[in-house]
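Observations on the model geometry
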Amino acid sequence: MPAEFGATPWGRIWVRTVESTAAAGPNPALPKARSLARNHAATLTVGTGRVEAEVVVSGRTQQVRIDLPRWSEEERAEAERLVGKALAEHQNLAAGDLPDSLEADLRREKIGVAVALDDMDAACDCKTRRRPCVHVLATLYTLSQRIDERPLLALELRSPGWEPAAPADPDWTPLADLDVESFYGS
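Residues numbered from 1 in each chain as written. Predicted model: local features only at pLDDT ≥ 70, side-chain atom pairs only at ≥ 80, totals over all residues. Heavy atoms only, no water.

1. Considerations on unusual backbone geometry
Our working definition: Secondary structure elements follow DSSP: runs of H or I no shorter than four residues count as helices, runs of E no shorter than two count as strands, and numbering proceeds from the N terminus. With a 1.4 Å probe rolled over the protein chains alone, any residue whose accessible area is under 20% of its type maximum counts as buried; one over 50% counts as exposed, and the rest are partly exposed.
Cis geometry marks the peptide bond from Arg131 to Pro132, where omega comes out at 0 degrees. Inspection of the secondary structure assignment puts Pro132 in the loop between β4 (121-124) and α5 (134-149). A positive phi angle is found at His40, which is not glycine, with a value near 60 degrees. Within the secondary structure, His40 is located in the loop between α2 (29-38) and β1 (42-47). In this structure, Ser58 takes a positive phi of about 50 degrees despite not being glycine. Exposure remark for Ser58: the relative accessible area of 74% places this residue in the exposed category.

Right under this line is the structure:
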């Protein structure tokens, strides 16, 4: 049975970020956060350097905002090089997918894909004093699921305007390349 959270290396590194909160001892908020994510309580809006969510618990909506540091120019350039190399080697990937080996390559080059909780600027409008609250944790679990579904999202979070060149699909022709007048034979 596949993992519910962190089914790919891309999502797994984000799950480790969430579960690192348990390093000092059991975090009673983790089961609740997983349950919220599992039951689609968090609705995410994701952009470069920011994750926003509405987390609905018992009919109440909490607003979550998580700001993430972006890669430096050096990290971005090296990531683009590694992604280009990986995409050239794995040409049968679906749109938004990345080879699992690329995550290991980025880690080896010390290019962080996930962000430690201490390096995030996370805010929630709930009244709970414990930080990170269950709403932030549920947002991160939901984010890990979204990244599992579309690993490219992990890179888009850390770098503005991320648009790595996708390998060309030999079975696909852009419409702009077709000659409309001669397409159906004249």
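2. Some points on the sheet that holds β1
This is how the line gets drawn: For two strands to count as paired, DSSP must find a minimum of two bridges between them. With axes taken as lines fitted to C-alpha atoms, and helix axes fitted only over the stretch in contact, angles between N-to-C directions fall between 0 and 180 degrees. Note on contacts: a residue pair qualifies if any of its non-hydrogen atoms lie within 4.5 Å across the two residues.
Taken in spatial order, the 4 strands line up as β1-β2-β3-β4 in an open sheet, and their pairing is antiparallel. For this open sheet the edge positions go to β1 and β4, each flanked by a neighbour on one side alone. The mean angle between the axes of side-by-side strands here comes to 15 degrees, regardless of whether they run parallel or antiparallel. Bridging between β1 and strand β2 (residues 50-57) involves 6 bridges; their strand directions are antiparallel. Bridging from a neighbouring strand, Thr43 pairs with Glu54 of β2. Strands β1, β2, β3 (60-67) and β4 of the sheet are contacted by α5, whose axis makes an angle of about 65 degrees with β1.

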